[in-house]
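Coordinate analysis (summary)
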Amino acid sequence: MKHPLHVTSEIGELQTVLLKRPGFELENLTPDYLQQLLFDDIPYLPVIQQEHDYFAQTLRNRGIEVLYLEKLASEALVDKNIKEEFVCRILEEGKTEGNVSHQTLKDYLLSFSNEDLIQKIMGGVRKNEIETSKKAQLYEFMEDHYPFYLDPMPNLYFTRDPAAVIGDGLTINKMREPARRRESLFMEYIIKYHPRFATHHVPVWLDRNYKFPIEGGDELILNEETIAIGVSARTSAKAIERLALNLFKNPDASFKKVLAIEIPKCRAFMHLDTVFTMVDYDKFTIHPAIQGPQGNMNIYILEKGPDEETLKISHRTSLMESLKEVLGLKDLVLIPCGGGDAIASAREQWNDGSNTLAIAPGVVVTYDRNYVSNALLREHGIEVIEVLSSELSRGRGGPRCMSMPIVRKDI
Ligand SMILES: NC(=O)NCCC[C@H](N)C(=O)O
């Protein structure tokens with residue numbers, strides 16, 4: 001039987017992808033909690049859903065199988081005990097203790113059908129949803145003080161980040177920001193209990209219990225032997241090192257090199273894929289602002305060391321040269337987001353102009369609003385498929401962030 005996970009490049013023909021349709025969790029965004037919940041504005045739900053449906057249909061039109069996180073999660077929780085355990089884990093990690101009793105919330109959540117339970121967990125539980133007779137503490141009666149028993153998870157439509165397929169396995173990520181921590185629990189349960197995955201041996205190269213954070217937006221598979229990982233506001237050098245060691249010693253993994261690429265730690269560049277993506281065998285998008293005056297950067301190549309717990313680490317300063325070296329290319333092109341004009345590049349990077357989703361070598365999905373970057377990609381011979389982006393872009397992620405490739409053809 002075909003392995004349910006298989007990704008050995010960024011650009012191999014995309015066959016199966018995981019998305020999450022934006023849902024009620026976005027209706028629980030209010031100005032007071034935007035920053036905490038990692039949004040810059042409140043999307044208009046019917047329109048963001050239309051835009052997301054258009055994105056999904058664009059992928060289907062190209063023959064790509066689209067799976068939905070919310071559907072897989074509800075299908076994974078058929079067993080009563082597993083469902084109960086999942087709800088308890090969500091409540092523990094949602095730091096609900098000290099609010100309404102754990103038992104009251106648990107009973108409330110378990111009163112829903114599987115599908116509605118998942119929607120409710122994703123959407124959040126407001127204080128006014130629980131009957132007043134079940135409340136005991138002053139805090140619980142004060143809805144205006146803090147409105148939720150369980151926080152909404154509005155970033156779930158960025159399926160790229162909580163987990164990432166690498167080869168025939170995956171990382172299930174310890175996420176950096178408290179607002180996103182619970183997200184990777186869905187993938188843990190899907191891999192363990194959904195029939196599509198549970199009957200296969202699926203190696204987890206790094207799991208969400210590891211102490212230091214890593215997020216999928218920083219994990220880019222350059223080829224079957226090389227991964228690039230951003231050292232960023234969200235991904236730590238420690239997690240990269242641990243992942244490299246785990247991959248190098250595991251006979252199920254084909255990977256031999258990890259390129260650790262340091263990027264500035266700021267909101268606009270939260271992950272490597274917000275400033276750098278692969279669009280063809282020898283072409284990449286890049287936001288010029290991540291390079292120093294002479295194009296210099298801080299890059300390390302990690303390789304197998306003398307024993308299983310030691311790495312060979314070498315320093316490089318040029319992204320272009322490092323990529324040529326690890327990919328065995330004579331030449332390659334870095335296509336600047338916004339064409340290199342300081343204003344256009346900052347504007348289009350903010351709206352994910354560098355965040356392309358390759359669905360085949362030289363074929364990418366991008367946001368329509370980034371017209372300067374899109375025109376430049378076309379000038380370089382790339383086929384650019386534009387999708388709608390007025391509301392989707394308010395969450396600060398583009399087509400790559402909104403998609404988790406599950407299966408790609410080898411190149
Ligand atoms: N890979 C990505 O860059 N994902 C975008 C995540 C945006 C989300 N609002 C966040 O701050 O985590």
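Going by the structure above, here's the rest.
Quick caveat, the model's predicted, so the values are computed rather than measured. (Residues numbered from 1 in each chain as written. Predicted model: local features only at pLDDT ≥ 70, side-chain atom pairs only at ≥ 80, totals over all residues. Heavy atoms only, no water.)

With that settled, consider the overall build of the chain. The number of helices and strands found in the chain is 12 helices and 19 strands. What you see for the chain is a C-alpha radius of gyration of 21 Å, in line with the 22 Å of a compact globule of 411 residues. Considered along the principal axes of its C-alpha atoms, the chain spans approximately 70 × 50 × 40 Å. Taken over 411 residues, the chain has a buried fraction of 59%. Within the chain, residue pairs in contact and separated by at least 24 positions form 71% of the contacts whose partners lie at least 6 positions apart. As displayed, the chain has an accessible area near 16,400 Å², and 51% of this comes from carbon and sulfur atoms. In the chain, the 48 positive side-chain charges and the 60 negative ones have mean positions that sit 2 Å from each other. (Helix = DSSP H or I, 4+ residues; strand = E, 2+ residues; numbered from the N terminus. Rg over C-alpha atoms; globule rule 2.2 N^0.38 Å. Buried < 20%, exposed > 50% of the residue type's maximum accessible area, 1.4 Å probe, protein only. Contact = heavy atoms within 4.5 Å. Areas by Shrake-Rupley, 256 points an atom, 1.4 Å probe, with all protein chains shown as cover. Lys, Arg positive; Asp, Glu negative; His and termini not counted. Charge placed at Lys NZ, Arg CZ, Asp CG, Glu CD.)

In terms of nonpolar packing, the biggest core is built from 63 residues, with Phe86, Ile121, Leu170, Phe186, Met187 and Leu247 touching the most fellow members. If you tally residues by element for this core, the top one is helix α9 (residues 237-249), at 7 residues. Beyond its immediate chain neighbours, meaning those up to four positions away, Met187 contacts Leu18, Leu69, Ala163, Leu170, Ile172 and Met404. Core analysis: the second largest hydrophobic core is formed by 34 residues, Leu37, Ala56, Tyr157 and Leu357 among them. (Core = buried A, V, L, I, M, F, W, Y, C linked by side-chain atoms within 4.5 Å.)

Below, the discussion takes up the environment of Gly362. Relative to the helices and strands, Gly362 is located in the loop between β16 (357-360) and β17 (363-367). Spatially, the C-alpha atoms of Gly362 and Tyr281 are 7.7 Å apart, while their sequence positions differ by 81 residues. Beyond its immediate stretch of four places on either side in the chain, Gly362 contacts Val279, Asp280, Ile382 and Glu383.

A few words now on the site of the ligand. In the vicinity of the ligand there are 16 residues, among which Asn155, Arg180, His271, Gly395 and Cys401 approach most closely. The separation between a nitrogen atom of the ligand and a polar main-chain atom of Leu38 is 2.9 Å. Note that an oxygen atom of the ligand is positioned 3.0 Å from one of the side-chain N or O atoms of Arg267. Here the ligand loses 100% of its free accessible area of 350 Å² to cover by the protein chains. Class assignment for the residues of the shell around the ligand results in 4 nonpolar, 6 polar and 6 charged. (Near = heavy atom within 4 Å. Polar contact = N/O pair within 3.5 Å; in protein donor to acceptor, adjacent residues only side chain to side chain. Nonpolar A, V, L, I, M, F, W, Y, C, P; charged D, E, K, R; others polar.)

Another point: the sheet that holds strand β12 (residues 283-286). Sheet architecture is open: 3 strands sit in the order β11-β12-β15, paired in mixed fashion. Strands at the two margins of the open sheet, each flanked by one partner only, are β11 (276-280) and β15 (333-336). For this sheet, the mean angle separating the axes of adjacent strands, direction not counted, is 30 degrees. (Pairing = 2+ DSSP bridges. Axes fitted to C-alpha atoms, helices over the stretch in contact; angles between N-to-C directions.)

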